[in-house]
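Fold and contact review
Listed below, chain by chain, are the residues.
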Amino acid sequence: MWWTSGRCRSDARLDGKTVVITGANTGIGKETVLDLVGRGARVVMACRDMEKAKAAAEDIREAHKGKDGVGTVEVVHLDLCSLASVRRCAKQLLEQEKNIDILINNAGIMACPRKVTEDGLEMQLGVNHMAHFLLTCLLLPRIRATGHARIITLSSLVHSRGVIHFDDLAGEKSYGASDRYCQSKLANVLFTKELAERLKAHNISDVTVYAVHPGVVATELSRHLDSGVFPGATFFWDRIMKLWIKTPEQGAQTTIHCAVDEDAGSETGLYYADCRPVTPGHRAQNADVARRLWEVSVQMTGLGDYDPFTAPNTTSITNL
C-alpha cells in the first residue's frame, strides 16, 4: 500500500560510478534513473524503444538542469525478446564502459497472452529471466573487475505463487498468463539466490546481489491484462487499483536502497521489500531448484562452457 511505502534514507553519492539499467524509459526504471543521476552517477539506459528512451533521457536531463553534482544519462539499444540483441548490447557496454558499478535488471512484462521470443522462449520467462540472466553473465567479468559492485534484479511478491515448470518451460502443454508471470518472478529470486552462492563459492566478496519487490505499482505493466487475464482487467487496474497502489517514484525506492544504502552493501543474496530484507516464499528458498534453474538457463541462453566467475575481463564475447 502506498501509505506504508518504505523510502530510501541514504544520501550516498555515486560520483564516478556507472550504472546500467534495463527498461528505464518509463515507470519505476525512469524514476530510478532520475534519482541515481541526481547522486552523480553515469547511468546507461538499455531500452528497446530508442525514441522513447531518448525522450526519457532528455526528461531526466531537463529535471536536473541547473543543479550541482549531477551525473549523466546515456541510451543503448536492448531488446530482451532477442538473445542476439542481449549479446550485442553486452558487447557495446563492454567496449564503452570501463567500469560497471551497478547493474539493475529492471525491465519486465506481465500477464501477456502466450507468445514466444525470437529464440523460441516463452515470452515472460524469456524477457523477465532468461535475457537478464544472459546479460548479467556477460557483464559479470567487468562487474567483478570493477569491485564493490551491486546487481539488483526486480521480482515481485507474486513469486511466492510461482512454480518452475521444468517439464514445460515453453508453456506448450499448459499456459496461464498469471501463472507464467509468477514463474518468471520466482525465477528472478532463485537467480539472485544462486548467483550469490556461486559468487561465494568463487571467493568473490565485493559483488553483492539483491532481489527486489517494488510493491504493487502504477506502471505500464498492466497493458496486457485485458488479453492475458480477462476483458476489463486493465480498466479495473487503471481506474480502481491505482487508487490503492504505489506511484512509480514510491516503487523505485527499494531498488534505490539496494543500489546505494551503506548497510545493504554488506548484505547479499537477499530479497527486499519496502527497503528492508524480508523472507521470500518457500519455493524461492529451495537451493536444488535454484541450482537446476541456473543449469537450465545456461543451456537455454547458449552460454555453453563460458564461466562468468572466471572469464577474463575483455570486450570479446564473439563465441557466446
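Overview of the structure. (Residues numbered from 1 in each chain as written. Predicted model: local features only at pLDDT ≥ 70, side-chain atom pairs only at ≥ 80, totals over all residues. Heavy atoms only, no water.)

Some words on helix α4 (residues 123–146)
Note the cut-off: Strands are runs of DSSP state E lasting at least two residues, helices are runs of H or I lasting at least four, and both sets are numbered from the N terminus onward. One fewer than the residue count of a helix, multiplied by 1.5 Å, yields its expected span. The angle separating two fitted axes, one through the seven residues that finish at a residue and one through the seven that start at it, defines the bend at that residue. Think of it in three bands: residues with accessible area under 20% of the maximum for their type are buried, residues over 50% are exposed, and the middle band is partly exposed, with areas taken using a 1.4 Å probe on protein chains only. For the purposes of these results, a polar contact is taken to be a pair of N or O atoms within 3.5 Å, where, inside protein, one atom must be able to donate a hydrogen and its partner to accept one; residues adjacent in sequence count only when each atom of the pair is a side-chain atom.
Along its 24 residues, α4 runs 32 Å from first to last C-alpha, staying within 8% of the 34 Å computed at 1.5 Å per residue. Along its length, α4 reaches its greatest deviation from straightness, about 50°, at L140, and the proline P141 lies no more than four positions downstream. The buried count for α4 comes to 22 of 24 residues, which makes it a mostly enclosed element. Measuring from the side-chain oxygen of the N-cap residue of α4 to the backbone nitrogen of Q124 gives 2.9 Å; that N-cap residue is E122. Of the residues one or two after α4, G147 is the one with positive phi, at around 75°.

A few points about the packing of helix α1 (residues 27–38) against helix α2 (residues 50–63)
Note the following rule: Where helices are involved, their axes are fitted lines through C-alpha atoms of the stretch in contact, as for all axes, and angles between N-to-C directions lie from 0 to 180°. These descriptions rest on fixed angle ranges, namely under 35 degrees for roughly parallel, over 145 for roughly antiparallel, 65 to 115 for roughly perpendicular, and the rest for oblique. Crossing handedness is defined as follows: a turn of the near helix away from the far one that is anticlockwise and smaller than a right angle gives a left-handed crossing, while the clockwise case is right-handed. In this analysis, two residues are considered to be in contact whenever any of their non-hydrogen atoms come within 4.5 Å of each other.
Two elements in contact, α1 and α2, have axes separated by 10 Å at closest approach and are oriented at 40°. On the basis of the axis angle, α1 is oblique to α2. In the crossing of α1 with α2, the sense of the turn from one axis to the other is right-handed. For the pair α1 and α2, contact is made by K30, V33, L34 and V37 and by A56, D59, I60 and A63, respectively.

Examining helix α10 (residues 287–300)
For α10, spanning 14 residues, the distance from its first C-alpha to its last is 20 Å, which sits close to the expected 20 Å at 1.5 Å a residue. Among the residues of α10, A290, L293, W294, V296, S297 and V298 are the ones counted as buried. Of the surrounding secondary structure, the elements contacted by the buried residues of α10 are α4 and α5 (177–201). Immediately beyond the C-terminal end of α10, within one or two residues, lies G302, with a positive phi of roughly 75°.

Some details on the packing of aromatic side chains
For the record, the criterion: Any Phe, Tyr or Trp ring, taking Trp's six-membered ring, that has another such ring centre within 6.5 Å forms a pair; planes under 30 degrees apart are called stacked, those over 60 apart edge-to-face, and the others tilted. Think of it as a cone above the ring: NZ of Lys or CZ of Arg counts as a charge over the ring if it is within 6 Å of the ring centre and within 35 degrees of the ring normal.
A complete count under the given rule lists 5 aromatic pairs for this structure. Taken together, the ring pairs in this structure connect F133, F191, W294 and F309 into an aromatic cluster. Positioned over the ring face of F166 is R292, at 4.0 Å from the centre of the ring.

Comments concerning the side chain of N105
Topologically, N105 is positioned in strand β4 (residues 102–105). Classification of N105 by relative accessible area gives buried; the value is 1%. Reaching out from N105, the side chain makes a polar contact with the side chain of T136 at a distance of 3.1 Å. Among the polar contacts made by the side chain of N105, one reaches the side chain of T153 at a distance of 3.1 Å. Those residues within four positions of N105 in sequence are excluded, and the remaining contacts are T22, H132, L135, T136, I151, I152, T153, L154 and F191.

Examining the nonpolar core
The cut-off we apply is this: What makes a nonpolar core is a set of buried Ala, Val, Leu, Ile, Met, Phe, Trp, Tyr and Cys residues whose side-chain atoms join them at distances within 4.5 Å.
Grouped together as the largest cluster of nonpolar side chains are 59 residues, with contacts concentrated most on L139, I143 and L195. Going through the elements one at a time, β2 (42–47), α3 (83–96), α4, β5 (149–154), α5, β6 (207–213) and α10 are the ones with two or more residues in this core. In terms of residues, this core owes the most to one element, α4, which gives 13 residues. Not counting the four nearest positions on each side in its chain, L139 is found in contact with A90, L93, L94, I100 and L103.

Some words on the pairing of strand β1 (residues 18–22)
Operational definition: Any two strands between which DSSP finds at least two bridges are classified as paired.
Extensive coverage of β1 is indicated by the burial of 5 of its 5 residues. Covered by surrounding structure in β1 are T18, V20 and T22 together with V19 and I21, the residues of both alternating faces. Note that β1 and β2 share 5 bridges and pair parallel. Paired with T22 across the two strands is A46, which belongs to β2.

Some words on the packing of α5 against α10
Worth spelling out the cut-off: Amino acids outside the nonpolar list (Ala, Val, Leu, Ile, Met, Phe, Trp, Tyr, Cys, Pro) and the charged list (Asp, Glu, Lys, Arg) are all regarded as polar, and Gly is one of them.
Between α5 and α10, the least distance of the axes is 9 Å, while the angle of their chain directions is 90°. Classed by the angle they form, the pair α5 and α10 counts as roughly perpendicular. Where α5 approaches α10, its residues A187, L190, F191, K193, E194, L195 and R198 are matched on the opposing element by A287, V289, A290, R291, L293, W294 and E295. Of the residues that constitute the contact of α5 with α10, the class distribution is 9 nonpolar, no polar and 5 charged.

As for the pattern of salt bridges
Oppositely charged side chains are able to pair whenever their charged atoms sit close together. Put simply, the rule is: Counted as salt bridges are all cases of a side-chain nitrogen of Lys or Arg within 4 Å of a carboxyl oxygen of Asp or Glu.
Within this structure, the stated rule accounts for 14 salt bridges. Among the ionic pairs, D15 bridges to R13, the shortest N-O distance being 2.8 Å. A relative accessible area of 46% means that D15 is categorised as partly exposed. Residue classification places R13 among the partly exposed positions, given a relative accessible area of 39%. In this structure, the salt-bridge partner of D59 is K30, at a minimum N-O distance of 2.9 Å. A residue pair is termed long-range when its members are at least 10 positions apart, and D59 in helix α2 and K30 in helix α1 qualify at 29 residues. For D59, a relative accessible area of 42% corresponds to the partly exposed category. A relative accessible area of 25% places K30 in the partly exposed class.

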